[in-house]
Amino acid sequence: MVLSRAWTLVKHFEGAPKLSDFKLKEVQLPKIKHGEVLVEAEYFSVDPYMRPYSKRVMKEGDIMIGTQVARVLESNDTAFPVGSYVLSDAGWTTHSVSQGKDLTPLLPNWPKHIPKSLALGTIGMPGLTAYFGLKEICSAKKGEIVLVNGAAGAVGSLVGQIAKIIGCKVVGSAGSDDKVQYLKGIGFDEAFNYKTVGSLEEALKKASPEGYDCFFENVGGHFADVALLQMRKYGRIAVCGAIALYNDTTPRKGEYVHIPLIFQELRMEGFVVQRWRNRYNEGLEKLMEWVVEGKLKYHEHITRGFDNMPAAFIGMLKGDNTGKAIITAK
């Protein structure tokens, strides 16, 4: 028998998540049956999507949703040999038994010098979000100007770097001077701290007087209202997230998007990365290639210890992390 520890949702979030919204439970797992696999988590991911999705897909008392990199401890499924590593959708739990449907093997021949935790970030869902969002929604082309907000986060930092690989000029916005320096260090042409600029409109114009062809939108709210007015003719806006709105308890009223959309003939489209599930290997292999070649740099904000999962999640939503927020099991 294996003892599994799991963080559960005590009650659905009202406003910003609190430590009291979570409860740690222990469960004895049964022996695995035919076709089943026992895995032990080594790395956990916390991501902004967990905030809005928790109310959509979870009941109070459920194990918190999320993805982990886990090692196979016992296996009655030849597709998942003992000692191999997988992505698991088991959520915030240290051990789990699976019939294999929620497990995905890591890319074959994963290089030894590349941390397996990157399967939760640069060579995982955030990387795929940046890759397909920029390629399929923004349709970014060489010579174009790309704007990214939330640019120092797990997705935004990759969007900017992939845009540079394509040959674009890239402007990023972040919430601290340290993050601005980080963005410049990974190749952003221009970056600014949206919390300290006197005027967001002036900051955007200064960074790119000619406007923007692509806007990778991760934040929502006031930033989006102002940025839409900076778009060039036939510009494209990929709406990936709205972290500024997730903790709102009442719907926010803002400016109407119709005028810039009409007169600049813009295309604005929301998306979730699962749209390209049948092309994940294409994206993952390209992301791995860029990482190995040094074209795509990664940065992980690591919190150590499973007991700190809720605090890491709350901190991520506040913007404490630079790059991908990762929690180690031990």
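Structure report, in brief. Numbering of residues starts from 1 in each chain and follows the order in which that chain's sequence is written. Only residues with pLDDT of 70 or above have their local features reported here, since the model is predicted, and side-chain atom pairs are shown and tallied only from 80 upward, although totals for entire chains, interfaces and linings are computed over all residues. Side-chain descriptors were evaluated using all non-hydrogen atoms of the structure, hydrogens and water having been removed beforehand.

**Digging into the sheet that holds strand S10 (residues 190-193)**
Applicable threshold: By the convention used here, strands pair only if DSSP detects at least 2 bridges between them. A run of DSSP states H or I qualifies as a helix once it reaches four residues; a run of E qualifies as a strand once it reaches two. Both are numbered from the N-terminal end. To get an axis, a line is fitted to the C-alpha atoms, and for a helix only the part in contact is used. The angle between two axes follows their N-to-C directions and goes from 0 to 180 degrees.
Pairing is parallel in the open sheet, where six strands are placed in the order S10-S9-S8-S11-S12-S13. If you trace the sheet from one side to the other, it starts and ends with S10 and strand S13 (267-270), each paired once. For this sheet, the mean inter-axis angle between neighbouring strands, taken without regard to orientation, is 15°. Across three bridges, the pairing between strand S8 (residues 145-148) and strand S11 (residues 212-217) is parallel. Residue pairing across strands places Leu147 opposite Phe215, the latter belonging to S11.

**Quick notes on the nonpolar core**
Note on soluble globular proteins: their nonpolar side chains tend to be buried together. Condition: Residues belong to a common nonpolar core when they are buried Ala, Val, Leu, Ile, Met, Phe, Trp, Tyr or Cys residues joined through side-chain atoms within 4.5 Å. For the exposure calls, accessible area comes from a 1.4 Å probe over protein chains only, and a residue counts as buried if that area is under 20% of its type's maximum, exposed if over 50%, partly exposed in between. Contact between two residues is taken to exist if any of their heavy atoms lie within 4.5 Å; hydrogens are not considered.
Counting residues in each nonpolar core, the largest one holds 49 residues, and the members touching the most others are Trp110, Ile123, Leu134, Val146, Ile162, Leu183 and Phe216. The set of elements that each furnish at least two residues to this core consists of helix H2 (125-137), S8, helix H3 (156-166), strand S9 (169-174), helix H4 (177-185), S11 and helix H8 (280-293). Apart from the residues within four sequence positions on either side, Trp110 is in contact with Pro115, Lys116, Leu118, Ala119, Ile123 and Met288. Core analysis: the next-biggest nonpolar cluster, separate from the first, contains 20 residues, Phe22, Trp92, Met309 and Phe313 among them.

**Digging into the environment of Thr122**
Tracing the sequence through the fold places Thr122 in the loop between strand S7 (103-105) and H2. Not counting the four nearest positions on each side in its chain, Thr122 is found in contact with Gly127, Leu158, Leu287, Val291, Leu296 and Tyr298.

**Comments concerning helix H5 (residues 200-207)**
Put simply, the test is: The directions considered for the arc run from the helix axis to the C-beta atoms.
When we look at burial in H5, the residues that qualify are Leu200, Ala203, Leu204 and Ala207. Along the axis of H5, the buried residues cluster in a sector spanning 95°; they form a single face. Turned more than 90 degrees off the buried face of H5, the exposed positions are Glu202 and Lys206. Of the surrounding secondary structure, the elements contacted by the buried residues of H5 are S8, S9, S10, S11 and helix H6 (222-228).

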